[in-house]
Amino acid sequence: MELTEDKLLRVADLARLKIRPSMRDNIRQSCSNILSWVEQLQKVNTDGIEPMTGMNIEALPERFDEVTDGNCVEDILANAPEKDHNMFIVPKVVE
Amino acid sequence: MTNLTNLSISKARELLQAKEISAVELTKAHVSEIEKYNHLNAYTTKTPEMALRQAEESDARLRQGSRKILEGIPLGIKDIFCTKDVTTTAGSDILRTFVPPYESTVSQNLLDAGASFLGKLNCDEFAMGSANLNSAYGAAINPWQKKGDASHLVPGGSSGGSSSAVAAFLAMGATGTDTGGSIRQPAAFTGIVGIKPTYGRCSRYGMIAFASSLDQAGPMTRTVQDAAIMLEAMTGYDPKDSTSAREDVPCFEKAITGNIQGLKVGIPKEYQSDHIDPEILKLWNKGKKWLEANGAEIVEVSLPHTEYALPTYYIIAPAEASSNLARYDGVRYGTRVPGDSLDEMYKNTRSAGFGEEVIRRIMIGTYVLSAGYYDAYYLKAQKVRRLIKQDFDQAFKDVDVLLTPATPNAAFSIDNPPQDPIQMYMNDIFTVPANLAGIPAISVPSGLNSEGLPLGLQLIAPAFAESLLFNTGSIIEREAGFHDLKKEERQAI
């Protein structure tokens, strides 16, 4: 699978990445190689096989939907790059 | 007086209990070694004051007769476990300033068992790598070198700081994490023991996520017994991790009886790949003979989907990583790079904060999960994953444990690593299948190659049969006589 320049930019956009021009060729080429390499899985007959998402996920426990902690605003905001009035600050979203 | 840093955990524990040494002495000895061998770049953050304070508390408890299983033992923590009030970077620039307000369950369990923490250990960025060359904090260095060649070798990865520190006697043991081999491969490269327990044994709470269905914490130590001691302290059911196993924690140490009479050891024929160094094949044969001489029966088994394990892993792991790493967006924690809009801010932040391998894996993961490709890649890989697990289920109907090499080669030069990512991924060819199947596997140091570098053998067991790994591993350890090698053989220290 050859990852075209257009496709690369599209996937990067989905992943919210800007790939530096110095890295672009290398990423495009190596991703193309990896995608071609993993295509060998198509040879495997998986008719009637259930996908495996993880270990024992059928038995995942549930709990009541209730508050288990709280009153830790300072902890939550301690690592915020920008904060004010007990909130995270982000660039303006609505014009 | 013996050099305190050369002691095993089990021996140190004896001396501590007998009051022949103090926890403070033991910790001080390690702190000074860490300074002396700073050039190995094993630690990204050192916490000597905290370690000494914890050691003083241990000494006070020891005076009152404490029998906690790691009382007074100084350890290193891979910098992917959140440690309260201690910087935790996951080897990434994007978390350069991150100071967790909480403690991971695994590290808390170790503290509760009486351990002290010497600091945080270098690792590949978000645990993605096999050489510790993808750390934003520089390469960690393997204390071993080739005979007559002073060039620096990689300590393996992603738990490369952990393997370097334990092999160089800069910690009595260390935590690692293993998503595709990140405990076992660095253990093999540095001549130490590393075990990836059954998925669910160790809580993932507070362990920075790479691929959540594969990630598992485990101990890295210099002896099999030490690994058993440390794993017992790390593990246990944790309601904070929904995938945590509700299994009893056995006393793993007591399982080491040295008796493997009648044990059936499977040799997977598909592991005899062309990529293996002939010296490793030779060692594998030695391993079979050692186990046979101790009463085990060697049986050839087949794991027919082995060749598909690596490509399956390189769909599933990046897919999960692309999702997990979406949280690094410059809003709640980590580095932020401003932008004119929210999207621009996300993009600027992520592009500046992530290194090339992480970007590559996010790209692959995003691609295989994207509309039009999901079924052909991700769903297909999940189905092959089940076939791989079924191979193991089938094999364990006939045998108790599997013996394989840990890695296809010994440690390589820091200056001349494989340039092609797929070549680098081949390092995990023997370790990845156990992660996909969720089963436990241990790497045990088993000898040196002709260049004087350590090599490891791997044992793989059915889910929750870690005890079997420790007992069988102890036979390999004893037969290989690896511990008779003196510290002086590790030339980079």
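Scroll up to find the structure.
Worth saying up front: this structure is predicted, and the values here are computed from it rather than measured.

## Concerning the environment of B:Ile256
All names here are of chain B. Assignment of secondary structure puts Ile 256 in the loop between helix H7 (224-234) and strand S7 (264-268). Ile 256 sits 109 residues away from Gly 365 along the chain, and the two C-alpha atoms are 41 Å apart. Beyond its immediate sequence surroundings of up to four residues, Ile 256 is in contact with Val 224, Gln 225, Ala 228, Phe 470, Asn 471 and Ser 474.

## Notes on the pattern of salt bridges
The full count for this structure, using the stated rule, is 24 salt bridges over all chains. When the shortest N-O distance is used, the salt bridge between A:Glu2 and A:Arg28 registers 2.9 Å. Of this pair, A:Glu2 sits in the segment before helix H1 (5-14) while A:Arg28 sits in helix H2 (residues 21-38); the two residues are 26 residues apart in sequence, bridging distant segments of the chain. Note on A:Glu2: relative accessible area 49%, which makes it partly exposed. In this structure, B:Asp241 and B:Arg204 form a salt bridge, with 3.4 Å as the shortest nitrogen-oxygen distance. Of this pair, B:Asp241 sits in the loop between H7 and S7 while B:Arg204 sits in the loop between strand S5 (193-196) and strand S6 (217-221), placing them 37 residues apart in sequence. Overlapping salt bridges, with partners in common, bring together A:Glu2, A:Glu5, A:Arg24 and A:Arg28 in one network.

## Some details on the state of the cysteines
Tallying each qualifying case throughout the model produces zero disulfides over all chains. Not engaged in a disulfide, the cysteine A:Cys72 finds its nearest cysteine sulfur in B:Cys82; these two sulfurs lie 15 Å apart. Not engaged in a disulfide, the cysteine B:Cys123 finds its nearest cysteine sulfur in B:Cys82; these two sulfurs lie 12 Å apart. Judged by relative accessible area, B:Cys123 falls into the buried class, the value being 0%.

## Quick look at H1(A)
Residues and elements named next belong to chain A. For H1, the full list of buried residues reads Leu 8, Val 11 and Ala 12. Buried residues in H1, looked at end-on, bunch into an arc of 100°, giving them a common side. Phi turns positive one or two residues past the end of H1, at Arg 16, with a value near 50°.

## Topic: the interface of chain A and chain B
Each side of the interface is counted separately: chain A has 51 residues, and chain B has 68 residues. The contact between chain A and chain B buries some 5,400 Å² in all, and 68% of this surface belongs to carbon and sulfur atoms. One can count four salt bridges joining chain A with chain B. Note that B:Asp343 and A:Arg16 form a salt bridge whose closest N and O atoms lie 2.8 Å from each other. Viewed at the interface, chain B and chain A are joined by 23 residue pairs in polar contact (both at pLDDT 80 or more). Per-element tally for the side of chain A that touches chain B: the top contributor is H2(A), with ten residues. A per-class count over the side of chain A that touches chain B returns 31 nonpolar, ten polar and ten charged.

## What about the packing of aromatic side chains?
Residue and element names in this part refer to chain B. What the rule picks out here adds up to 19 aromatic pairs over all chains. Each ring, one from Tyr 313 and one from Tyr 314, has its centre 4.9 Å from the other, and the planes form 80°; the classification is edge-to-face. Comparing Tyr 313 with Tyr 314, the two get one shared label, buried. Seen from their ring centres, Tyr 373 and Tyr 377 are 6.4 Å apart, and the 45° between their planes marks the pair as tilted. Owing to a relative accessible area of 21%, Tyr 373 belongs among the partly exposed residues under this scheme. When its relative accessible area of 5% is taken as the criterion, Tyr 377 is described as buried. Grouping aromatic residues by their ring pairs yields a cluster made of Phe 98, Phe 126, Tyr 328, Tyr 333 and Phe 354. A cation over an aromatic ring shows up here: Lys 288 above the ring of Trp 284, its NZ or CZ 5.1 Å from the ring centre.

What counts, and at which threshold
- Residues numbered from 1 in each chain as written.
- Chains lettered and ligands numbered in written order.
- Predicted model: local features only at pLDDT ≥ 70, side-chain atom pairs only at ≥ 80, totals over all residues.
- Heavy atoms only, no water.
- Helix = DSSP H or I, 4+ residues; strand = E, 2+ residues; numbered from the N terminus.
- Contact = heavy atoms within 4.5 Å.
- Salt bridge = Lys/Arg side-chain N within 4 Å of Asp/Glu carboxyl O.
- Buried < 20%, exposed > 50% of the residue type's maximum accessible area, 1.4 Å probe, protein only.
- Disulfide = S-S within 2.5 Å.
- Arc of directions from axis to C-beta.
- Buried area = accessible area lost by both parts, 1.4 Å probe.
- Polar contact = N/O pair within 3.5 Å; in protein donor to acceptor, adjacent residues only side chain to side chain.
- Nonpolar A, V, L, I, M, F, W, Y, C, P; charged D, E, K, R; others polar.
- Phe/Tyr/Trp six-rings, centres within 6.5 Å; stacked < 30°, edge-to-face > 60°.
- Lys NZ or Arg CZ within 6 Å of the ring centre and 35° of its normal.

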